[in-house]
Amino acid sequence: MAAVGSDHDPGSALGRIAETAASLTGARHAAVSLRDVDGDGPGAPVAHGALPEGEPPAGGFLEVPVQVQGELFGTLYVAAKSDGEQFSEADLHLVRILATEAGIALSNARLHSAARQRRRWIDGAASITTALLAGPETGSTTTHALTVVAEQGRELAEAATGAVLLPHPEGGMEVVAISTVLSEAVRTEAYRGRIPPRSPVVHQLYAGLAVFSDDFADDPRSISPISRHYGPTMLLPLRSSGRVLGALALCRMSGDRRFSHTERTLGTQFAAQAAVALVLADRHRDRERLAVFEDRDRIARDLHDLVIQRLFATGMLLETARRKALVPEVQEGLGQAVDELDATIQEIRTAIIALQQGPSEAPPGLRTRVLREAGAATATLGTRPSVRFTGPVDTRVDDRSARALLAALREALADVTAPAPAPPQPPARVEIAVDVTSSLPDGRPGIRLTVTGPDGAGRPVIWERPLRGGIDA
């Protein structure tokens, strides 16, 4: 009893009990037959010797329930006394004692196993929260978060596939992240497939209810194209604050053991924790983005309130000095310095507007795309072109006009930066101006792009297009 009680392996403990029952009662056969882990079906017997089939053999037969506190775990059998006699009351008493010990051993082993299993799921849920809040080193944060949930869920459930499903724009649900031991073809099929909105599974998930199946391939509720690959399956809603964000699918192969009641409970709790972690991670990323935007706003304010004001004051001083200068060369040099300060102020204002742009996920406006084209030409020119915007460029120019303007800008910059046969020259200064407040020769409002060559050399390239009511014609 001491040896059996200290053994957390139920198979080993039951083997010892069967051997002890045969030895103490003088039986040639002994076995312990167990109900399954949920207690609603028979399990495989752990036997000492072999259980005889058919009628009880000579020498008698004893059958005693294995139970603890009224819960039935299985049955302890002994059969066929070696001396051919019937089992006595003393034999029955010994077998009952061993059956009681078997129940205690099974109860302890299952409690130990359940505690270990719960610890694994709890640790897994905690690791998900840590991983999601840390974020990915590269790539999309959303994809990373969903993939972490799918991978961790599959490992904890000892499943063949873990997948995260989110609502599809046209109804139903679609797989957006998957972790599987199956082939790449199955993975591809999962991403292409969609659970249609008429599926009973979808209705149940949107209601916040879990879906359990012992054989998903033959389950009439399943109309997913990939269900034919799987047997025992859990579909668990990712629910937070009463809102269903999606679902976590944990699937075992056909023929694998079904999910126990404990696993179903732990899986449901894990999905709820994963949903909370997804929401927390999303809010954490929002706070980080907000902090970045606040820093950008602060930098933009400092540039506007401090740097531009000082440059403007310096320009005023230089302009006053230029008017008082008597030497023509000094006047010309001071005038050039004032022009350079004016161009620098315009560039700083452009940088301020760029800092005030929306999130990086939003499509870039025309202002940002013009600045990118100017940056791309910097390497060839040796210096960054000066860019000046006049008017609400991003709001007055639609996408079609913007594409045409950018094409004209690229062509003009290509002409400016084309290699010349002359010897290398100092870095050339190119000026780009985009004006959406201009008027065309016929008086209509229009957008004008002007690209002035190096240091004003050559005729400027001018591109114009009419606007009507603030929208490109």
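The structure we're discussing is the one just above.
Here the residue numbers are simple positions, counted from 1 along each chain's written sequence. The predicted nature of this model means local features are confined to residues of pLDDT at least 70 and side-chain atom pairs, given and counted, to a pLDDT of 80 or more, with totals for whole chains, interfaces and linings taken over all residues. Side-chain numbers come from the whole structure's heavy atoms, not from hydrogens or water.

Some details on a negative patch on the surface
Only residues whose relative accessible area exceeds 30% and that form no salt bridge enter a patch; like-charged residues are grouped when within 9 Å of one another, and nonpolar side chains (Val, Leu, Ile, Met, Phe, Trp, Tyr) when within 5 Å. The method behind every accessible area is Shrake-Rupley, applied with a 1.4 Å probe, and residues are considered shielded solely by the protein chains displayed. Criterion for a salt bridge: a side-chain nitrogen of Lys or Arg within 4 Å of a carboxyl oxygen of Asp or Glu. Residues scored as positive are Lys and Arg, those scored as negative are Asp and Glu, and His as well as the terminal groups of each chain are ignored. A charged residue contributes its charge at one atom only: NZ of Lys, CZ of Arg, CG of Asp or CD of Glu. Together, Asp339, Glu340, Asp342 and Glu431 line one region of the surface with negative charge. Secondary structure elements are taken from DSSP: a helix is a run of H or I of four residues or more, a strand is a run of E of two residues or more, and numbering for both begins at the N terminus. With three residues, the single largest contributor to the negative patch is helix H8 (residues 328-355).

Considerations on the nonpolar core
Ranked by internal contacts, the top residues of the largest apolar core, which has 29 residues, are Trp121, Val149, Val164, Leu238, Leu248, Leu250 and Phe270. Among the secondary structure elements, those contributing two or more residues to this core are helix H3 (89-134), helix H4 (141-157), strand E9 (230-240), strand E10 (243-253) and helix H7 (261-324). For this core, the leading source of residues is H7, giving eight residues. If we ignore the near neighbours within four places in the chain, the residues touching Phe270 are Trp121, Gly124, Ala125, Ile128, Val149, Gln152, Gly153, Leu156 and Leu248. To form a nonpolar core, buried Ala, Val, Leu, Ile, Met, Phe, Trp, Tyr and Cys residues must be joined to one another through side-chain atoms within 4.5 Å. Relative accessibility under 20% of the residue-type maximum defines a buried residue, over 50% an exposed one, and the middle range a partly exposed one, all with a 1.4 Å probe and only protein chains included. The next biggest cluster of nonpolar side chains, apart from the first, holds 26 residues, and it includes Leu371, Ala402, Leu406 and Val451. Residue contacts follow a heavy-atom distance rule, with two residues in contact if any of their heavy atoms lie within 4.5 Å.

Regarding the sheet that holds E9
Any two strands between which DSSP finds at least two bridges are classified as paired. Read from one edge of the open sheet, six strands run E7-E6-E5-E10-E9-E8, paired in antiparallel fashion. Each having just a single partner strand, strand E7 (194-195) and strand E8 (211-213) make up the two edges of the open sheet. Alignment of E8 against E9, held across three bridges, turns out to be antiparallel. The partner of Ser213 across the bridge, within E9, is Thr233. Fitting a line to C-alpha atoms yields each axis, with helices limited to the stretch in contact; the angle taken between N-to-C directions then spans 0 to 180 degrees. Helix H5 (residues 184-192) rests against strand E6 (173-180), E7 and E9 of the sheet, and its axis sits at about 160° to E6.

With respect to a nonpolar patch on the surface
Judged by side-chain polarity, Leu326, Val327 and Val330 come together as a nonpolar surface patch covering roughly 300 Å² of accessible area. Along the chain, the position of Val327 falls in the loop between H7 and H8. According to the relative accessible area criterion, Val327 is partly exposed, its value standing at 42%.

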